[in-house]
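Listed below are the residues making up each chain.
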Amino acid sequence: MAHPGKQLRREGGDVMFALRPKNRRKSAAPGWRRFFAGGGELPWRTLAATVAAFGALTVLICVFVLVVDRPVRRIEAIGHFQRVTPAQIEQAVTAALAAHARTAGFLSIDLGAVRRSVEELDWVDNARVERRWPDGLRVRIVEQTPAARWGESGLLNTRGELFLRHARHIPPELPQLDGPPGSEWRVAQLYLKAQGRLLEAGVRISALTLDARGALELKLSNGIEVRFGRRQVEERLERFITAALPQIAGRTAAVHYVDMRYSNGFAIGWKADKRHG
């Protein structure tokens, strides 16, 4: 028998090699594997290295937070300011920081709390708060857009929301709306529907009132009052446009009111009871 690893020859001149079998040795199992298998000591060096690594990472994180989570020193207010001033924005932000003093750092500050504090200002519709490296906050605001007066001194926005109950300055061109508490949105919707149709007819609403019983009454820019009652408001509005308006055209200065609370007609109230035509 030929020795392993030696050349073997056979007839024909061909050469063959016999390979030496490798002496395979079992690789040692890692220390953790041997330990959990119940055969070996606890790998103290590995454990110590792991704990040290986690400890170092924790220290680095703490140092990073302490360095970066510095007090907020700069407040930048951005927006189209007409009713609100940057100073008011800064005061609102400062109040929020003071109310959350323990978490008022650059990283820990609650941006939602700051935003809510700014949005509590009367004329602020919405706000967005952002961090500005390294120690600042940027506040973007959108002011309320008044669309109508409400009651004596309130203001409604374009969504029919009462955003200010006691306004110091009320634009005189705004329509006057009024109704029971909580009916602001409904009254605003009634106004929008009626105003759209009446503008097509060449008249404009200056005031609209919904009383406690749900009866609707409006006043036109020419001073005429129109009474619609509680039922069939849309139908009565169309009848006013198509039937009543042509009847009073050219005589609006003498008309006090038009009562549309009839099933198939209307009544005209003349000033000083003077009838024309």
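On a predicted model such as this, the values are computed, not experimentally measured, just so you know.

Caption draft 1: Examining the nonpolar core more closely. Grouped together as the largest cluster of nonpolar side chains are 31 residues, with contacts concentrated most on Leu 198, Leu 218 and Phe 240. Elements represented by at least two residues in this core include exactly strand 6 (146-150), helix 5 (184-200), strand 10 (205-210), strand 11 (216-220), strand 12 (225-229), helix 6 (233-248), strand 13 (255-259) and strand 14 (267-270). When near neighbours in sequence (up to four residues on either side) are disregarded, Leu 198 contacts Val 203, Ile 205, Leu 218, Leu 220, Leu 237, Phe 240 and Ile 241.

Caption draft 2: Broad picture of helix 6. Remark: the principal bend of helix 6, roughly 40 degrees, maps to Phe 240. Where helix 6 is concerned, the buried positions are Arg 236, Leu 237, Arg 239, Phe 240, Ile 241, Ala 244, Leu 245 and Ile 248. Where the residues of helix 6 are buried, they touch helix 5, strand 11, strand 12, strand 13 and strand 14. Gly 250, located one to two residues past helix 6, shows a positive phi value of around 85 degrees.

Caption draft 3: The arrangement of the packing of helix 5 against helix 6 in detail. One way to put it is that helix 5 packs onto helix 6 with a least axis distance of 11 Å and a crossing angle of 20 degrees. Taken together, the axes of helix 5 and helix 6 lie roughly parallel to each other. Once helix 5 is placed against helix 6, the crossing between them reads as right-handed. Here Lys 193, Ala 194, Arg 197 and Leu 198 of helix 5 come into contact with helix 6, specifically with Glu 234, Leu 237, Glu 238, Phe 240 and Ile 241. The class makeup of the residues in the contact of helix 5 with helix 6 is five nonpolar, no polar and four charged.

Caption draft 4: Here's a closer look at the sheet that holds strand 6. The strand order across the open sheet built from nine strands is 8-7-6-9-10-11-12-13-14, with neighbouring strands paired in mixed fashion. Every interior strand has two partners, whereas the edge strands, strand 8 (162-164) and strand 14, have only one. Each neighbouring strand pair of the sheet contributes to a mean axis angle of 25 degrees, computed without reference to strand direction. Pairing of strand 12 with strand 13, which is carried by three bridges, proceeds in the parallel orientation. Bridge pairing in strand 13 places Val 226 opposite Val 258. Where helix 5 meets the sheet, it contacts strand 6, strand 7 (154-157), strand 8, strand 9 (176-178), strand 10 and strand 11, and its direction lies at approximately 140 degrees from that of strand 10.

Caption draft 5: Here's a closer look at helix 4 (residues 111-119). Three or more residues of helix 4 are buried, namely Gly 112, Ala 113, Val 114, Ser 117 and Val 118. Among the structural elements, helix 3 (86-99), strand 4 (124-132) and strand 5 (136-143) are those in contact with the buried residues of helix 4. Where helix 4 starts, the residue carrying a side-chain oxygen 3.0 Å from the main-chain nitrogen of Gly 112 turns out to be Asp 110.

Caption draft 6: Fine view of the pattern of salt bridges. Taken as a whole and assessed by the stated rule, the structure comprises eleven salt bridges. The partner of Arg 128 in a salt bridge is Glu 130, with the nearest N and O atoms 3.5 Å apart. You can call Arg 128 partly exposed: its relative accessible area is 47%. Note that Glu 161 is salt-bridged to Arg 159, the shortest N-O span being 3.0 Å.

Caption draft 7: Region of the structure containing unusual backbone geometry. Look at the link from Trp 133 to Pro 134: it is a cis peptide, with omega at 5 degrees. With a phi angle near 50 degrees, Gln 232 is a residue other than glycine that sits in the positive phi range. Relative to the helices and strands, Gln 232 resides in the loop between strand 12 and helix 6. Using a relative accessible area of 45% as the deciding quantity, one classes Gln 232 as partly exposed.

Caption draft 8: Broad picture of the packing of aromatic side chains. Throughout the structure, instances matching the rule amount to three aromatic pairs. Geometrically, the ring pair formed by Phe 106 and Trp 133 is edge-to-face, given 5.8 Å between the ring centres and 80 degrees between the ring planes. Here Phe 106 is found in the loop between helix 3 and helix 4, whereas its partner Trp 133 is found in the loop between strand 4 and strand 5, with 27 residues between them in sequence. On the basis of relative accessibility, which here comes to 60%, the residue Trp 133 falls in the exposed class. Considering the side-chain rings of Trp 123 and Phe 163, the 5.2 Å spacing of their centres and the 70 degrees angle between planes classify their relative orientation as edge-to-face. Linking Trp 123 in the loop between helix 4 and strand 4 with Phe 163 in strand 8, this pair joins segments that are 40 residues apart in sequence. For the pair Trp 123 and Phe 163, a shared accessibility class is recorded, and that class is buried. For the cation-ring pair, Arg 227 lies above Tyr 257, with the distance from its terminal atom to the ring centre recorded as 3.9 Å.

Each value, and the rule that gives it
- Residues numbered from 1 in each chain as written.
- Predicted model: local features only at pLDDT ≥ 70, side-chain atom pairs only at ≥ 80, totals over all residues.
- Heavy atoms only, no water.
- Core = buried A, V, L, I, M, F, W, Y, C linked by side-chain atoms within 4.5 Å.
- Buried < 20%, exposed > 50% of the residue type's maximum accessible area, 1.4 Å probe, protein only.
- Helix = DSSP H or I, 4+ residues; strand = E, 2+ residues; numbered from the N terminus.
- Contact = heavy atoms within 4.5 Å.
- Bend = angle between axes of the 7 residues up to and from the residue.
- Axes fitted to C-alpha atoms, helices over the stretch in contact; angles between N-to-C directions.
- Parallel < 35°, antiparallel > 145°, perpendicular 65-115°, else oblique.
- Left-handed = near helix turned anticlockwise from the far one by under 90°.
- Nonpolar A, V, L, I, M, F, W, Y, C, P; charged D, E, K, R; others polar.
- Pairing = 2+ DSSP bridges.
- Polar contact = N/O pair within 3.5 Å; in protein donor to acceptor, adjacent residues only side chain to side chain.
- Salt bridge = Lys/Arg side-chain N within 4 Å of Asp/Glu carboxyl O.
- Phe/Tyr/Trp six-rings, centres within 6.5 Å; stacked < 30°, edge-to-face > 60°.
- Lys NZ or Arg CZ within 6 Å of the ring centre and 35° of its normal.

Keep in mind that these numbers describe shape and distance, not what the molecule does.
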